[in-house]
Amino acid sequence: MTEQDNIEIFKENHPSIESYWRSIILYGRNVASYKFSLGQSILSLLPTNQSSFSLEELAVPFSNNICEHIKESPKQCTSPSSSFLTACKNYNEGLISHQDLIDKTVAVGFDYVLDAFHVVNNANIPVKFFVKDFHSLNKKIILTDEAYKLIETPFSNNFNNEVNARWRLVETAWDLGVSPNLLNVGYDSDTESFYMNKDFARKDVTSARDALNGYQKGKCFYCYDNLNLDSSALFCDVDHFFPYTLQPLIPDINLNGVWNLVLACPDCNRGIDGKFARVPSIKYLKRLHKRNEYLISSHHPLRETLMNQTGRTLDERIKFLNKIDQIAINYLVHRWEVEPRGEEHF
């Protein structure tokens, strides 16, 4: 199955506004961070209920997002130089005024990102979250009905977290001077965050919840109930698919690996009839395999990490999961399954 096939399956199975939005964040080209900043800017403008924004208005959140990220990760594109990024750095250092920054953003900051935003795998997706209106001297963008439908979805506040998580993973790769597909990401179960080792020092990258949620689309991996990454009342768990209690019995296998991490609602993970230290049903194992293959076949920065942990080929990865499942059921004996609480989403 090709990368194109996987992307199309993702959209055909779930032809929702959320899926199209996430396809942009997951699959759009990563030659600069502008796409992420534009995505966050659009999300920040939606609550105003205003449909039309001049480039000057758009430039405020757009440049602010870039400036904030540059403070932590100076490299925000793959090209050796950018007059816009230089302006952002100069603003952070107090060398230019905020108005100078906005003027520079309007002049060159949107040169490519507005046209490229809706392009996924070299083709435009069939919906638009904004359209350009450059027919008059007052250039502007107009947010579409599809954009406003985003904030009508359950837990729409998750979108911004997902964009930021993806951005952090990509800029970490640029900061280290490697392709995003060569990142080897670790997981800290205490902080529930992903990290990288840089110059023998650990660097926390992003929340595991935010990074994993793009695939699960705000749904529990097991029962498809809604998850909220921000609300303490419905806070989701980062769950070890194969229970971590097995780790001392199989020390050569990293159960803290990305391959074994999913997002689960508290009921499924630790409720009265929760999974706890039981082995998930085979149908969930197939779902885990599908998730891992989906990320591997994409441009996702976790691709190389997943392949390092489970195998370089499809056959190796299938054998790996079957092996771990056999070990798990031999030790833990019981299988676990739950009734779906929502429609199938992945």
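Residues numbered from 1 in each chain as written. Predicted model: local features only at pLDDT ≥ 70, side-chain atom pairs only at ≥ 80, totals over all residues. Heavy atoms only, no water.

Draft legend 1. Representation of the overall build of the protein chain in the model. When helices and strands are tallied, the protein chain shows 14 helices and 12 strands. A total of 346 residues make up the protein chain; the buried ones form 53% of that total. Counted over contacts in the protein chain with a minimum sequence separation of 6, partners at least 24 positions apart contribute 67%. Accessible area for the protein chain stands at about 15,600 Å²; split by element, carbon and sulfur atoms hold 50% of it. (Helix = DSSP H or I, 4+ residues; strand = E, 2+ residues; numbered from the N terminus. Buried < 20%, exposed > 50% of the residue type's maximum accessible area, 1.4 Å probe, protein only. Contact = heavy atoms within 4.5 Å. Areas by Shrake-Rupley, 256 points an atom, 1.4 Å probe, with all protein chains shown as cover.)

Draft legend 2. Highlighting the packing of aromatic side chains. Enumeration according to the criterion identifies 22 aromatic pairs in this entry. Geometrically, the ring pair formed by tyrosine 34 and phenylalanine 62 is edge-to-face, given 6.1 Å between the ring centres and 65° between the ring planes. Of this pair, tyrosine 34 sits in helix H3 (residues 34-45) while phenylalanine 62 sits in helix H4 (residues 55-72); the two residues are 28 residues apart in sequence, bridging distant segments of the chain. Each member of the pair, tyrosine 34 as well as phenylalanine 62, carries the same accessibility label: buried. Taking the centre distance of 6.0 Å and the plane angle of 45° together, the rings of phenylalanine 242 and tryptophan 259 count as tilted. Highlighted residues: phenylalanine 242 in the loop between strand S9 (237-240) and strand S10 (261-264) and tryptophan 259 in the loop between S9 and S10, separated in sequence by 17 residues. With respect to burial, phenylalanine 242 and tryptophan 259 carry one shared label: buried. (Phe/Tyr/Trp six-rings, centres within 6.5 Å; stacked < 30°, edge-to-face > 60°.)

Draft legend 3. Expanded view of the pairing of strand S5 (residues 140-143). The alternating pattern of S5 places Ile141 and Leu143 on a buried face and Lys140 and Ile142 on a face that is not buried. Sheet topology places strand S1 (residues 52-54) next to S5; three bridges connect them, and they run antiparallel. In the sheet register, serine 54 faces S5, and the bridge partner there is lysine 140. Looking at chain direction, strand S4 (residues 130-133) and S5 are connected through four bridges and run antiparallel. Along S5, the bridge assignment pairs lysine 132 with isoleucine 141. Where S4 folds back onto S5 in an antiparallel hairpin, the turn is made up of six residues. (Pairing = 2+ DSSP bridges.)

Draft legend 4. Layout of a negative patch on the surface. A cluster of acidic residues, Glu56, Glu57, Asp100 and Asp103, forms a negative patch at the surface. Of all the secondary-structure elements, those providing two or more residues to the negative patch are H4 and helix H6 (98-109). One can find glutamate 56 in helix H4. Judged by relative accessible area, which is 39%, glutamate 56 ranks as partly exposed. (Patch = residues over 30% accessible without salt bridge, like charges linked within 9 Å, V, L, I, M, F, W, Y side chains within 5 Å. Salt bridge = Lys/Arg side-chain N within 4 Å of Asp/Glu carboxyl O. Lys, Arg positive; Asp, Glu negative; His and termini not counted. Charge placed at Lys NZ, Arg CZ, Asp CG, Glu CD.)

Draft legend 5. View of H3. Across its 12 residues, H3 extends 16 Å between first and last C-alpha, which sits within 8% of the 16 Å expected from 1.5 Å per residue. The buried count for H3 comes to 11 of 12 residues, which makes it a mostly enclosed element. Inspection of H3 places Tyr34, Lys35, Phe36, Ser37, Leu38, Gly39, Gln40, Ser41, Ile42, Leu43 and Leu45 among the buried residues, and these make up the whole buried set. (Expected span 1.5 Å × (residues − 1).)

Draft legend 6. Geometry of the nonpolar core. Formed by 54 residues in total, the largest nonpolar core has its most connected members in Phe194, Tyr222, Phe242 and Trp259. When residues of this core are traced back to their parent elements, those giving at least two are helix H9 (158-176), strand S7 (193-198), helix H10 (208-216), S10, helix H12 (282-296), helix H13 (303-310) and helix H14 (314-332). Those residues within four positions of tyrosine 222 in sequence are excluded, and the remaining contacts are Asp239, Phe241, Val262, Ala264, Cys268, Lys275, Pro280, Tyr284, Arg287, Trp336 and Val338. (Core = buried A, V, L, I, M, F, W, Y, C linked by side-chain atoms within 4.5 Å.)

Draft legend 7. Examining the pairing of S10 more closely. Burial along S10 is two-sided: the face carrying Leu261 and Leu263 and the face carrying Val262 and Ala264 are both buried. Where S9 lies against S10, four bridges are found, and the strand directions are antiparallel. Considered in S10, the bridge of aspartate 237 is made with alanine 264.

Draft legend 8. Looking closely at the sheet that holds S5. Sheet architecture is open: three strands sit in the order S1-S5-S4, paired in antiparallel fashion. With partners counted over all chains shown, the strands left at the sheet margins are S1 and S4, one partner each. Neighbour-to-neighbour, the strand axes of this sheet turn through a mean angle of 25°, independent of strand direction. The sheet contacts of H4 involve S1 and S5, and relative to S1 the element is tilted by about 80°. (Axes fitted to C-alpha atoms, helices over the stretch in contact; angles between N-to-C directions.)

Draft legend 9. Structural view of unusual backbone geometry. For lysine 217, which is not glycine, the phi dihedral falls at a positive 55°. Looking at the secondary structure, you find lysine 217 in the loop between H10 and S9. If you check the backbone angles, valine 333 has positive phi at about 75° while not being a glycine. Secondary-structure assignment places valine 333 in the loop between H14 and strand S12 (335-336). The exposure class of valine 333 is exposed, given its relative accessible area of 53%.

Draft legend 10. How the structure looks around the side chain of arginine 209. Tracing the sequence through the fold places arginine 209 in helix H10. At 2.5 Å, the side chain of arginine 209 forms a polar contact with the side chain of glutamate 192. In this structure, arginine 209 is in contact with Glu192, Leu229, Phe235, Cys236, Asp237, Val238 and Leu263, ignoring residues within four places of it in sequence. (Polar contact = N/O pair within 3.5 Å; in protein donor to acceptor, adjacent residues only side chain to side chain.)

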